[in-house]
Amino acid sequence: MVVAGGGAAGFFAAIACAEARPGVTVAILERGAQFLGKVRISGGGRCNVTHACFDPRQFTARFPRGERALLSSCQIFQASDTVAWFESRGVKLKTESDGRMFPASDSSETIIDCLMRAARAAGVKLISNCGVDRAVRAAGGGFQLTLSNGETMACDRLLLATGGCRAASGGDLAVSLGHTLVEPVPSLFTFHIETPWVRALAGVSVESVLASVPETKLRERGSLLLTHWGLSGPVILRLSAWGARILHDMNYQFPLRLNWLPGLDAEQIAAELKTRRDTWPARLIVNTPIAPLPSRLWEQLAAAAGIPRQTRLADLSRPAQHALIRQLSRTELAVTGKSMNKDEFVTCGGVKLGEVDFKTMQSRVCPGLHFAGELLDIDGITGGFNFQAAWTTGFIAGRAMAA
Ligand SMILES: Cc1cc2nc3c(=O)[nH]c(=O)nc-3n(C[C@H](O)[C@H](O)[C@H](O)COP(=O)(O)OP(=O)(O)OC[C@H]3O[C@@H](n4cnc5c(N)ncnc54)[C@H](O)[C@@H]3O)c2cc1C
């Protein structure tokens, strides 16, 4: 058995295969010098292993692509199985308030050590600096591989776990064996905004904002972070995931609408302003933010509404109040580009799901060929969902290869 790709999915598959069928030769061929490179840098070096959501239906609803296919796999191996898998090998996971699960050590090295140890204990051969460049079906079954070091190798079953297919490699192998690729584009990115007042607020965060893209169905609510290049935070990452393809087609240039007070409608904001005017007529508007908006953001929104700094609440004219309410409930900003999120980014697109049997991760086109991980057209929002897709598909592929 050969596993092409020494990432999360490849390791889980190789270990599952070797543990299920002791004595069988299982080799991981990794193109790079290091195994598990993305696990190392993941989650800011902490590795967000999975998400504490143990209902497969609710879990897979967090996947803009691949929800249905992954549901059948998660019924076999889901987040609670991942927790048990690591715990049974001595790695305790902890859950943060937002549901993200990390090793209790807060270090991705703990996960790497565990996977390396489990692979070695199961007898998996670990070969680095050895990419699979070509794979052809052999006449009598199995595959003949051409490796990046010039050697060749034969195997009965081949697993492609080569990661997101924006860098050709694994995608090309899949196509050469008869598969179709759904065009890869990035997911989980942040937005560039050039509006000076936004950049001036770098570091400010807002707990709950409703963000939407006019003339699309894209709409997300959650916390927002203003940065020196524009906007980030969970609400933006989720919008980028659900809108990965639409926003790509817009060349990442589109209007973004923000409702800074999604809990209040225009009338309720007007009532809030009236109460303030009645209570503190002499106070300056810039000094009386509506909770929970940070005061620096409030000041900028008032300025963006054209309200001079020295305006007292008593002097707020009707048109100025109207402009302020509009800023608070529908600020429109021009997005001019994207940046990859340093904590997590993934590929939307990859091997077409209809061509794979998700109960075995075996190709429906090429017998003996399996797939796992990000190479597939599956991607989730941020929060540990993408690694879980790798663990789930890897485990199932490995078990099926051993059968
Ligand atoms: C910065 C960053 C942080 C992230 N953090 C998180 C997180 O905290 N939680 C989360 O859920 N997700 C996270 N992700 C996403 C997650 O890392 C991926 O979804 C996951 O690694 C996919 O696993 P994989 O095994 O399919 O692919 P990969 O981890 O990409 O592994 C594929 C491997 O295959 C090798 N390879 C490629 N082509 C060949 C070939 N032809 N022959 C042999 N080897 C080959 C590559 O070198 C690579 O080592 C993060 C992603 C990034 C970029």
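For the structure itself, look to the data block above.
Residues numbered from 1 in each chain as written. Predicted model: local features only at pLDDT ≥ 70, side-chain atom pairs only at ≥ 80, totals over all residues. Heavy atoms only, no water.

Caption draft 1: Highlighting the packing of aromatic side chains. Scanning the entire structure with this criterion turns up 15 aromatic pairs. On the basis of an interplanar angle of 35° and a centroid distance of 5.9 Å, the ring pair of Phe 59 and Phe 63 is categorised as tilted. The residues Phe 59 and Phe 63 share a single accessibility class, namely buried. Both rings, one in Phe 77 and one in Phe 395, keep their centres 4.3 Å apart while their planes meet at 20°; by these two values the pair is stacked. Of this pair, Phe 77 sits in the loop between α4 (67-74) and α5 (79-88) while Phe 395 sits in helix α14 (residues 385-402); the two residues are 318 residues apart in sequence, bridging distant segments of the chain. On the basis of relative accessibility, which here comes to 4%, the residue Phe 77 falls in the buried class. (Phe/Tyr/Trp six-rings, centres within 6.5 Å; stacked < 30°, edge-to-face > 60°. Buried < 20%, exposed > 50% of the residue type's maximum accessible area, 1.4 Å probe, protein only. Helix = DSSP H or I, 4+ residues; strand = E, 2+ residues; numbered from the N terminus.)

Caption draft 2: Main features of the environment of Arg 65. With respect to the helices and strands, Arg 65 occurs in the loop between α3 (56-60) and α4. Residues Arg 65 and Leu 376, spaced 311 residues apart in sequence, show a C-alpha to C-alpha distance of 9.7 Å. Setting aside residues up to four positions removed in sequence, Arg 65 forms contacts with Ser 187, Ala 241, Trp 242, Ala 244, Cys 348, Asp 377, Ile 378 and Asp 379. Of the polar contacts made by the side chain of Arg 65, one reaches the side chain of Asp 379; its length is 2.7 Å. (Contact = heavy atoms within 4.5 Å. Polar contact = N/O pair within 3.5 Å; in protein donor to acceptor, adjacent residues only side chain to side chain.)

Caption draft 3: Just the pattern of salt bridges, in detail. Scanning the entire structure with this criterion turns up 18 salt bridges. Between Lys 92 and Glu 87 there is a salt bridge whose closest N-O contact spans 3.4 Å. The class of Glu 87 is partly exposed, set by a relative accessible area of 39%. Its salt-bridge partner being Lys 274, residue Asp 278 comes within 2.8 Å of it at the nearest N-O pair. Here the residue Asp 278 and the residue Lys 274 both occupy positions in helix α11 (residues 266-279), the gap between them amounting to 4 residues, near one helical turn. What makes Lys 274 partly exposed here is its relative accessible area of 44%. Where salt bridges share partners, they join Arg 46, Lys 94, Glu 96, Asp 98, Arg 100 and Asp 106 into one cluster. (Salt bridge = Lys/Arg side-chain N within 4 Å of Asp/Glu carboxyl O.)

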